[in-house]
Amino acid sequence: MTDSASSSPLLQGGYTGRFAPSPTGPLHFGSLLAALASYLDARAHDGRWLVRIEDLDPPREDPTAAASILHTLEAYGLHWDGSVRYQSGRHAAYQQRLEQLISQGLAFPCQCSRKQLAGKPHHGNCHCHATEDIAWRFLCPAQGEYCFDDRLQGRWCEDLSRIGDFVLQRRDGPWSYQLAVVCDDIDQGMTHIVRGIDLIDSTARQALLYQALEQPLPQYAHIPVALENNGQKLSKQNLARPLRTDNISATLTAALQWLQQSPPAGLQQAPAGELLQWAVSHWDIRRLNGQQALPAPVIFRRD
Ligand code: GLU
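Residues numbered from 1 in each chain as written. Predicted model: local features only at pLDDT ≥ 70, side-chain atom pairs only at ≥ 80, totals over all residues. Heavy atoms only, no water.

## Some thoughts on the side chain of serine 202
As for its position among the elements, serine 202 is in the loop between strand 9 (192-196) and helix 7 (203-212). For serine 202, a relative accessible area of 9% corresponds to the buried category. Side-chain polar atoms of serine 202 contact the side chain of glutamine 178, separated by 3.2 Å. Among all residues touching serine 202, those that are not within four sequence positions of it are Tyr177 and Gln178. (Helix = DSSP H or I, 4+ residues; strand = E, 2+ residues; numbered from the N terminus. Buried < 20%, exposed > 50% of the residue type's maximum accessible area, 1.4 Å probe, protein only. Polar contact = N/O pair within 3.5 Å; in protein donor to acceptor, adjacent residues only side chain to side chain. Contact = heavy atoms within 4.5 Å.)

Now the structure itself:
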């Protein structure tokens, strides 16, 4: 394993990484890539690898998905440390962080509808004094840039004037992904986050929350997206096929090759455990440097 992350000061306290799926459907090839890359990066650093089910939006969820995702991870040999965390059981923790932000003057109540805010940044301009039927928003700096160094994508900057005051808790009650993911990544001591590049635009918002909560930012590595024939992301919305559990070695081999790792021909039919052992000891994340999108293997695309 060769990687500049091993010299990170964060590693003095050890490496903790995670896979954090939303239970909207079964695991497909695209989500396996994020699970596998985060697993290999953690294990190659002798780190802990946790699984967290991000089940905060029941209308978008499939009640059978969490069990199916966990079953598939185990079938693929991706064994996690400790017990699985479910965000649906974490309301008190999010409330506490929200109160911290309110007391710091960094969160404010807002009743504006999406229509009223349409297309406009809204730096504090929808502040209201109501106490019911309100969303809570984070007061984002009105201008400037937020930049961070991604392990794969290099220096990545967001124009803060385009972000605006983002939601922490929705008017109808649910916690936002941004608040919940940061609270749990802090609470679970994440030092490294390896996830799909479709989430890279969220990183600046999450980094602002880390700053506000006075916590060190983890190191990020955003892996490329796997593409369908039509150039769209392989995703549940695009009806990506659920992974099967009867051709695990072939699927794992295809996933490793997609991640630009090259398991030797003699190992490609080996049981998952053996393939993963090889992959951990040969993991080189830098082979994905600068890659933002790669075609999915033909068999995992829709017809
Ligand atoms: N739950 C998010 C998703 O499934 C991923 C969260 C993250 O990795 O930060 O898209």
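## Points about the nonpolar core
Counting 54 residues, the largest nonpolar core has Phe29, Leu36, Leu40, Leu73, Leu78 and Leu259 as the members making the most contacts within it. For this core, the element with the highest residue contribution is helix 1 (residues 29-44), accounting for 11 residues. Not counting residues within four places of it along the chain, the set of residues in contact with leucine 73 comprises Phe19, Leu27, Ala35, Val51, Leu78 and Trp80. (Core = buried A, V, L, I, M, F, W, Y, C linked by side-chain atoms within 4.5 Å.)

## What to know about the state of the cysteines
Under the criterion given, the structure shown has 2 disulfides. Paired by a disulfide, cysteine 110 and cysteine 126 hold their sulfur atoms 2.3 Å apart. Where cysteine 110 bonds to cysteine 126 through sulfur, the torsion about that S-S bond is close to -120 degrees, and the disulfide is left-handed. With cysteine 110 in strand 4 (residues 107-110) and cysteine 126 in the loop between helix 4 (114-117) and strand 5 (135-138), this pair connects stretches of sequence that are 16 residues apart. Taken individually, cysteine 110 and cysteine 126 each receive the classification buried, so the pair is uniform in this respect. Sequence-ordered numbering of the bonded cysteines in the protein gives a pairing of 1-2, 3-4. Cysteine 128 takes part in no disulfide bond, and the closest cysteine sulfur, belonging to cysteine 110, lies 6.3 Å away. Overall, the relative accessible area of 13% leaves cysteine 128 in the buried class. Left unpaired, cysteine 183 is separated from the closest cysteine sulfur, that of cysteine 140, by 17 Å. Judged by relative accessible area, cysteine 183 falls into the buried class, the value being 2%. (Disulfide = S-S within 2.5 Å.)

## Quick word on the environment of glutamine 257
Mapped onto the fold, glutamine 257 is located in helix 8 (residues 248-258). For glutamine 257, a relative accessible area of 40% corresponds to the partly exposed category. Through-space distance from the C-alpha of glutamine 257 to that of glutamine 87 is 32 Å; in sequence the pair is 170 residues apart.

## Some words on the site of the ligand
For the ligand, the full set of nearby residues is Arg18, Ala20, Pro21, Ser22, Glu54, Tyr177, Val181, Arg195 and Leu199. Here an oxygen atom of the ligand sits 2.6 Å away from a polar atom, N or O, in the side chain of arginine 18. Within the side chain of serine 22, one N or O atom sits 2.9 Å away from a nitrogen atom of the ligand. Look at the ligand: alone it shows 300 Å² of surface, and the protein chains cover 78% of it. Each residue belonging to the shell around the ligand can be placed in one class, and the counts come to 5 nonpolar, 1 polar and 3 charged. (Near = heavy atom within 4 Å. Areas by Shrake-Rupley, 256 points an atom, 1.4 Å probe, with all protein chains shown as cover. Nonpolar A, V, L, I, M, F, W, Y, C, P; charged D, E, K, R; others polar.)

## Focus: the environment of alanine 65
Take alanine 65: it is sitting in helix 2 (residues 65-75). Overall, the relative accessible area of 1% leaves alanine 65 in the buried class. On a C-alpha basis, the gap between alanine 65 and serine 22 in space is 8.7 Å, while along the polypeptide they are 43 residues apart. Beyond its immediate chain neighbours, meaning those up to four positions away, alanine 65 contacts Pro23, Thr24 and Gly25.

## Focus: the pattern of salt bridges
Per the counting criterion, the structure on display carries 17 salt bridges. Salt-bridge contacts for arginine 43 lead to aspartate 81; the nearest nitrogen and oxygen are separated by 2.8 Å. Of this pair, arginine 43 sits in helix 1 while aspartate 81 sits in the loop between helix 2 and strand 3 (85-86), and the two are 38 residues apart along the sequence. Note that arginine 244 and aspartate 246 form a salt bridge whose closest N and O atoms lie 3.0 Å from each other. Judged by relative accessible area, which is 59%, aspartate 246 ranks as exposed. Each member of the salt-bridge network shares a partner with another, and the members are Arg18, Arg52, Glu54 and Asp185. (Salt bridge = Lys/Arg side-chain N within 4 Å of Asp/Glu carboxyl O.)

## A short note on the sheet that holds strand 3
Ordered by their spatial adjacency, 3 strands build an open sheet running 1-2-3, and the pairing between neighbours is parallel. The sheet is open, and its two borders are formed by strand 1 (16-19) and strand 3, each paired with just one other strand. Across 2 bridges, the pairing between strand 2 (residues 48-53) and strand 3 is parallel. Among the inter-strand pairings, isoleucine 53 is bridged to a residue of strand 3, identified as tyrosine 86. Across the sheet, helix 1 touches strand 1 and strand 2, and the angle it forms with strand 2 is around 150 degrees. Along the sheet face, helix 6 (residues 177-187) touches strand 1, strand 2 and strand 3 and points at about 150 degrees away from the line of strand 2. (Pairing = 2+ DSSP bridges. Axes fitted to C-alpha atoms, helices over the stretch in contact; angles between N-to-C directions.)

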